[in-house]
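In case you want the letters, here they are:
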Amino acid sequence: MRNIGMTVAYDGTAYCGFQSQPELDTIQGRIEKAIAMLTEEHVVITASGRTDAGVHAQGQVFNFITTSAIPIERWALAMNSRLPRDIVIKDAWEAPMDFHARYSAKRKTYRYSILSERIPDLFQRHYEFHHPGRLQLEPMRAALKHLEGEHDFTSFASPKSTKQIHVRTIYQAWMEYEPSQSGEPGRGRYHLFVTGNGFLYNMVRIIAGTLLVVGRGKILPEAIPGILAACDRGTAGPTAMSHGLMLWSIDYGGEERL
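Residues numbered from 1 in each chain as written. Predicted model: local features only at pLDDT ≥ 70, side-chain atom pairs only at ≥ 80, totals over all residues. Heavy atoms only, no water.

Some details on the overall build of the chain
Inference 1: If you tally the helices and strands in the chain, you get 5 helices and 10 strands.
Inference 2: Taken against the 2.2 N^0.38 rule, which gives 18 Å for 258 residues, the C-alpha radius of gyration of the chain at 19 Å falls within 12% of a compact globule.
Inference 3: Counting only C-alpha atoms and orienting by the principal axes, one finds that the chain spans roughly 60 × 40 × 35 Å.
Inference 4: The buried share of the chain, reckoned over its 258 residues, is 53%.
Inference 5: Taking as baseline every contact in the chain between residues at least 6 positions apart, the subset at least 24 positions apart corresponds to 74%.
Inference 6: Only carbon and sulfur atoms are counted for the fraction: they give 52% of the accessible area of the chain, which is about 12600 Å².
Inference 7: Of note, the chain has its 28 positive side-chain charges centred 4 Å away from the centre of its 27 negative side-chain charges. (Helix = DSSP H or I, 4+ residues; strand = E, 2+ residues; numbered from the N terminus. Rg over C-alpha atoms; globule rule 2.2 N^0.38 Å. Buried < 20%, exposed > 50% of the residue type's maximum accessible area, 1.4 Å probe, protein only. Contact = heavy atoms within 4.5 Å. Areas by Shrake-Rupley, 256 points an atom, 1.4 Å probe, with all protein chains shown as cover. Lys, Arg positive; Asp, Glu negative; His and termini not counted. Charge placed at Lys NZ, Arg CZ, Asp CG, Glu CD.)

Here's the deal with the packing of aromatic side chains
Inference 1: For the structure shown, the criterion picks out 9 aromatic pairs.
Inference 2: Ring centres of F99 and Y252 lie 5.0 Å apart, and the angle between their planes is 70°; this geometry places the pair in the edge-to-face category. Of this pair, F99 sits in the loop between β4 (87-95) and β5 (107-116) while Y252 sits in the segment after β10 (245-251); the two residues are 153 residues apart in sequence, bridging distant segments of the chain.
Inference 3: Owing to a relative accessible area of 5%, F99 belongs among the buried residues under this scheme.
Inference 4: You can call Y252 buried: its relative accessible area is 3%.
Inference 5: With centroids separated by 5.4 Å and ring planes inclined at 85°, the aromatic side chains of F193 and W248 adopt a geometry described as edge-to-face. With F193 in strand β9 (residues 188-196) and W248 in strand β10, this pair connects stretches of sequence that are 55 residues apart.
Inference 6: Residue W248 is classed as partly exposed on the basis of its relative accessible area, which comes to 24%.
Inference 7: By way of ring pairs, the aromatic residues F62, F64 and W75 are connected into one cluster. (Phe/Tyr/Trp six-rings, centres within 6.5 Å; stacked < 30°, edge-to-face > 60°.)

Some details on helix α1 (residues 27-39)
Inference 1: With 13 residues, α1 extends 19 Å from end C-alpha to end C-alpha; this agrees with the ideal 18 Å at 1.5 Å per step.
Inference 2: Within the sequence span of α1, burial applies to I27, Q28, I31, E32, A34, I35, A36, L38 and T39.
Inference 3: The inward-facing, buried residues of α1 contact β1 (2-10), β3 (56-66), α2 (75-80) and β4.
Inference 4: Capping the start of α1, T26 holds a side-chain oxygen 3.0 Å from the backbone nitrogen of G29, two or three residues further along.
Inference 5: E40 occupies a position one or two residues after α1 and carries a positive phi of about 65°. (Expected span 1.5 Å × (residues − 1). Polar contact = N/O pair within 3.5 Å; in protein donor to acceptor, adjacent residues only side chain to side chain.)

Quick look at the packing of helix α3 (residues 137-145) against helix α4 (residues 203-215)
Inference 1: The contact between α3 and α4 brings their axes to 8 Å, and the two run at 135°. Considering the angle they form, α3 stands oblique to α4. For the pair α3 and α4, the sense of crossing is right-handed. The residues of α4 that touch α3, namely those facing P139, M140, A143 and L144, are I207, L211, V214 and G215.
Inference 2: Along the lines of polarity and charge, the residues of the contact of α3 with α4 split into 7 nonpolar, 1 polar and no charged. (Axes fitted to C-alpha atoms, helices over the stretch in contact; angles between N-to-C directions. Parallel < 35°, antiparallel > 145°, perpendicular 65-115°, else oblique. Left-handed = near helix turned anticlockwise from the far one by under 90°. Nonpolar A, V, L, I, M, F, W, Y, C, P; charged D, E, K, R; others polar.)

Looking at the environment of R118
Inference 1: Positionally, R118 belongs in the loop between β5 and β6 (129-130).
Inference 2: Along the primary structure R118 and G196 are separated by 78 residues, whereas in three dimensions their C-alpha atoms are 33 Å apart.
Inference 3: Setting aside chain neighbours within four positions, we find R118 in contact with H130, P132, E184 and R187.
Inference 4: Among the polar contacts made by the side chain of R118, one reaches the side chain of E184 at a distance of 2.8 Å.

Regarding the nonpolar core
Inference 1: Judged by nonpolar contacts, the single largest core of 72 residues is most densely connected at I31, M79 and F156.
Inference 2: The element best represented in this core is α4, accounting for 9 residues. (Core = buried A, V, L, I, M, F, W, Y, C linked by side-chain atoms within 4.5 Å.)

Observations concerning the pattern of salt bridges
Inference 1: Throughout the structure, instances matching the rule amount to 13 salt bridges.
Inference 2: Of the charged contacts, one joins E94 and R2 as a salt bridge, the two residues approaching to 2.3 Å between their closest N and O atoms. Pair noted here: E94 is in strand β4 and R2 is in strand β1, with a separation of 92 residues, a long-range link.
Inference 3: Using a relative accessible area of 15% as the deciding quantity, one classes R2 as buried.
Inference 4: R257 is paired through a salt bridge with D91; the nearest N and O atoms lie 2.4 Å apart. (Salt bridge = Lys/Arg side-chain N within 4 Å of Asp/Glu carboxyl O.)

Just geometry here; none of it tells us what the structure is for.
Shown next, in the form of structure tokens:
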């Protein structure tokens, strides 16, 4: 028996999310089908987490148990020849038998991208949220600092969340900014990055939606602690659209490889 770990990148535009669902086209379904074509085994992969329909990933991680003797250096190439072009295996490795892509994860990082221009970018429309108005960068950065640390994130979780405990730790939250080629203030690309020990359902998208309200000057950065303390979804901003979100990376502290 072998425990194989893999890193996969995917464009989630055409799929009904990561997790397998009956009669629906999903990332997990495509990956499991490719493994079956290679090994004639019908395995169920375990991923670091689910992503919704339209959400993308640069560094999703999954593992599965197999009896296949395929050399580890051949797995990525063999899988990619059996996967659609919008799903790519970036890396494969032999993992310890107790490695679990979800429970072994130490940190996860997500990115949410916003384009603040009058006209959308046709070629990036699947990977960033288009906001035609101007945004204030420094208030958004100030708001993010209030989210760092251990908090109850009930205000930033979907009412559909099935988790009993909403306390999570955000290790780092920051904004990277690409100024507009026009030079106009308040225009350009805003990339929100959030690293934490775990995330609730829609948590990053609600953080992004709240930052958009801050960036428009409708909420002050100093209001964020009160929103957290309220533990009320209605106090935070809207849930941002799914296509601007990307699962950026998973950190296992080096424990994922033999």
